[in-house]
Amino acid sequence: MTPLGTKALGGVAAAAVAVGVAQLVGAAFGPEADVRTAVGSAVIDNTPGPVKEWAIATFGTADKLFLTVMVLLAIAAIAALAGIAESRRRPIGSTIIVVAGGVGCAAVLSRAGAGPADVIPTVIGAACGVAALRLLTSHRLDDQTPERGTDPDRRRSLVTLGLFGVGVAGGVVGVVISRLASSVAGDRDAYALPRIAEPAPPIPPTVQPEGVALPSFVTSNADFYRIDTALTVPQLSRADWRLRIHGMVDREITLSYSDLDRFEVVEQAVTLTCVSNPVGGELISNAVWTGYRVADILAGAGVHADADMVLSRSVDGWTAGTPVEALTAGDALLAIGMNGEPLPVEHGYPARLVVPGLYGYVSATKWVTGLELTRFDRAEAYWTRLGWSARGPIKTESRIDVPRSGQDVAVGPVTFGGVAWAQRRGIRDVEVQIEGPGGTTAWQRATLGQSYSDDTWRLWSFPWEATETGMHTITVRATDNSGYTQTPDRADPVPDGATGWHSVTFAVK
Ligand SMILES: Nc1nc2c(c(=O)[nH]1)N[C@H]1C(S)=C(S)[C@@H](COP(=O)(O)O)O[C@H]1N2
Ligand SMILES: [Mo]
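As annotated in an unreviewed UniProt entry, the protein is Oxidoreductase [Nocardia brasiliensis ATCC] from Mycolicibacterium parafortuitum.

This is the structure we're talking about:
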């Protein structure tokens, strides 16, 4: 009789074989056949909004790693049960694997662009998983061969480990081959951005306050925050890219990448912000974007007067709903470049939307392939369906970057600082207040870095003299050019963006 642990491990090894074989066979198919991505994406799409919000707030850009770990743990737990069940009573464990395979097939079929043949790798994987489970629970492994002195438990453990290793190795090789086969890194490397007809005004060095280590006014592509629901980054080449403009238009249009040549190339600095950014959070970055005016592109289609929403769609099926006037205003971009380079693949290569003043979830569609003219009372975009607001104008907010929470400050002069933003309106004032053992100061004006445009964030600094040792708290608030001053009212990111004052506690020593 094998111990329970070995039976459970047998199930896990069988699952490893199933997943590994599916990945390996899947390498011969397109990305739509990838059961791992399909199941993960189905989990993302069906996770209740508040749980997603919690995951993004807690793990930020590492939310996908968290999801992957959770899915793997869930698979391992089910597999362990299957292993135990199979050795108690055949074929309960095998049936569990078959059912899991069926769920995988359903997930594959639910993905944008998947066809019936795309379930083949999953079916083959599940079949191999069942075979592995049957072998591991078969009594053949218990045959005593005393003359060779083989201990059956030891033999079973070795076969279990071996199958587990084969499954994991097959999976890794399969993933690597799929990645290399579908990668558009070469397509991107071979692309030179077109000549810019209307460059962005130069960025004066005075946008960056001196004497304090703040984020750079222009965020590098490597440091730019990344948020999306894509478990595997879509790989869409320029040759395969199409943009379909349809719905409430006079003429439906489909543009290829080279069709974009007829539009004027412009450049614009825009600060993107995520609605999930908590007060004091890092889900905000600023870049100089190269692209075409969405207004020029829409003009050719003839937008109907009663259309009030553009439902933009990404190649992986994600959608955003943007007010038509935000896209016809002239400063919304179909971006193809970011800080002088083609868009990084994870930021939407070969084309994405960048709309000043709106949170990313209602505007910034990456890997964009469709613009459907419709109405807010007819269509609902991805996050709106999950409980977020249909409209997402960016709220006036400010953040302290220096000092960091828990940082020690020496007695004497020190410079604090951070960022403030109110895209479309612009920042007029930033004030700070410091609370220490001896009381709380009045609100005092911070020094503002030069304003670049109303659509970009503004950096601020605050020189201060630390005189008194002990715990202190610095609080910041911003006023935008409409005259609105941030209030202390706390709002959660759901449904339309967080509000409240950011505070940081530090010790003077
Ligand atoms: N295709 C696609 N585009 C997307 C998303 C997505 O999940 N899928 N997320 C949006 C959200 S919520 C934000 S905040 C921005 C983030 O853009 P970035 O990753 O380039 O910073 O992309 C937007 N575009
Ligand atoms: Mo977002």
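Having seen the model, we can carry on.
Okay, the overall build of the protein next. Within the protein one finds 11 helices and 20 strands. Counting only C-alpha atoms, the protein reaches 85 × 70 × 40 Å along its principal axes. Across the 509 residues that make up the protein, the buried fraction comes to 53%. Once local pairs closer than 6 in sequence are excluded, the contacts in the protein between residues at least 24 apart make up 75%. Looking at the protein as shown, the accessible area adds up to about 22,300 Å², and 59% of this sits on carbon and sulfur atoms. For the protein, the separation between the mean place of its 42 positive charges and that of its 51 negative charges on side chains is 7 Å.

Before going further, it helps to examine the site of ligand 1. Within the structure, ligand 1 sits among 17 residues, and Tyr-225, Thr-229, His-347, Arg-352 and Lys-366 are positioned closest to it. Taking Ile-227, its main chain carries an N or O atom lying 3.1 Å from an oxygen atom of ligand 1. Between an oxygen atom of ligand 1 and a side-chain N or O atom of Lys-366, the distance comes to 2.5 Å. Expressed as a share of its isolated accessible area of 530 Å², the protein-covered part of ligand 1 is 99%. For the shell around ligand 1, a count of residues per class yields 8 nonpolar, 5 polar and 4 charged.

Taking strand neighbours across the sheet as the criterion, the 5 strands line up as β2-β1-β10-β5-β6 in an open arrangement whose pairing is mixed. In the strand order of this sheet, the two ends are held by β2 (253-256) and β6 (319-323), each with one partner. Sheet twist, expressed as the average angle between the axes of neighbouring strands with direction ignored, equals 15°. Judged from the 6 bridges that link them, strand β5 (residues 309-314) and strand β10 (residues 368-374) form a sheet pairing that is antiparallel. Note that in β10 the partner of Ser-312 across the bridge is Leu-371.

Attention now goes to the UniProt feature "transmembrane region" (unreviewed entry) in the protein. UniProt marks residues 65-85, 92-113, 119-137 and 158-177 with the feature "transmembrane region" (unreviewed entry), using the numbering shown here. Helix makes up 100% of residues 65-85 and strand 0%. Its end C-alpha atoms lie 30 Å apart. Between the C-alpha atoms that bound residues 158-177 there is a distance of 28 Å. The span itself is 100% helix and 0% strand.

Here the focus is the packing of aromatic side chains. Going through the model one piece at a time under the given rule, you end up with 14 aromatic pairs. When the ring of Phe-263 is compared with that of Tyr-292, the centres are 6.5 Å apart and the planes differ by 70°; the resulting orientation is edge-to-face. Here Phe-263, found in the loop between β2 and β3 (265-273), pairs with Tyr-292, found in strand β4 (residues 284-293); they are 29 residues apart in sequence, far enough to count as distant. Exposure remark for Tyr-292: the relative accessible area of 3% places this residue in the buried category. Taken together, a centroid distance of 5.9 Å and an interplanar angle of 90° make the contact between Trp-464 and Phe-506 edge-to-face. With Trp-464 in strand β18 (residues 458-466) and Phe-506 in strand β20 (residues 502-508), the pair connects residues that are 42 residues apart, well separated along the chain.

If you check helix α6 (residues 120-136), its first and last C-alpha atoms are 24 Å apart, about what 17 residues at 1.5 Å a residue would give, namely 24 Å. Every buried residue belonging to α6 is among Pro-121, Thr-122, Gly-125, Ala-126, Gly-129, Val-130, Ala-132, Leu-133 and Leu-136, and all of these are buried. Looking at the packing, one finds that the buried side of α6 touches α1 (4-26), α2 (35-46), α4 (63-88), α5 (92-109) and α7 (152-182).

Next up on the list: the nonpolar core. Ile-245, Trp-289, Leu-334 and Phe-416 are the most contacted members of the largest nonpolar core, which totals 102 residues. Formed by 10 residues, the second largest nonpolar core is a distinct cluster that contains Ala-13, Ile-97, Ala-132 and Leu-141.

The next subject is the sheet that holds β18. Taken together, 4 strands build an open sheet; the order of strands is β11-β13-β18-β17 and the sheet is antiparallel. Of all the strands in the sheet, just β11 (397-402) and β17 (447-448) have a single pairing partner and so form its edges. In terms of strand pairing, β11 meets strand β13 (residues 412-421) through 5 bridges, oriented antiparallel. Each bridged residue has a counterpart across the sheet, and for Ile-400 the counterpart in β13 is Gly-418.

Annotation of the protein at the domain level lists domain 1 (3-182), domain 2 (205-386) and domain 3 (397-508). Measuring from the centre of the C-alpha atoms in domain 1 to the corresponding centre in domain 3 gives 49 Å.

About the criteria used
- Residues numbered from 1 in each chain as written.
- Chains lettered and ligands numbered in written order.
- Predicted model: local features only at pLDDT ≥ 70, side-chain atom pairs only at ≥ 80, totals over all residues.
- Heavy atoms only, no water.
- Helix = DSSP H or I, 4+ residues; strand = E, 2+ residues; numbered from the N terminus.
- Buried < 20%, exposed > 50% of the residue type's maximum accessible area, 1.4 Å probe, protein only.
- Contact = heavy atoms within 4.5 Å.
- Areas by Shrake-Rupley, 256 points an atom, 1.4 Å probe, with all protein chains shown as cover.
- Lys, Arg positive; Asp, Glu negative; His and termini not counted.
- Charge placed at Lys NZ, Arg CZ, Asp CG, Glu CD.
- Near = heavy atom within 4 Å.
- Polar contact = N/O pair within 3.5 Å; in protein donor to acceptor, adjacent residues only side chain to side chain.
- Nonpolar A, V, L, I, M, F, W, Y, C, P; charged D, E, K, R; others polar.
- Pairing = 2+ DSSP bridges.
- Axes fitted to C-alpha atoms, helices over the stretch in contact; angles between N-to-C directions.
- UniProt positions renumbered as here; feature names shortened; annotations may be inferred.
- Phe/Tyr/Trp six-rings, centres within 6.5 Å; stacked < 30°, edge-to-face > 60°.
- Expected span 1.5 Å × (residues − 1).
- Core = buried A, V, L, I, M, F, W, Y, C linked by side-chain atoms within 4.5 Å.
- Domains from an automatic or database assignment.

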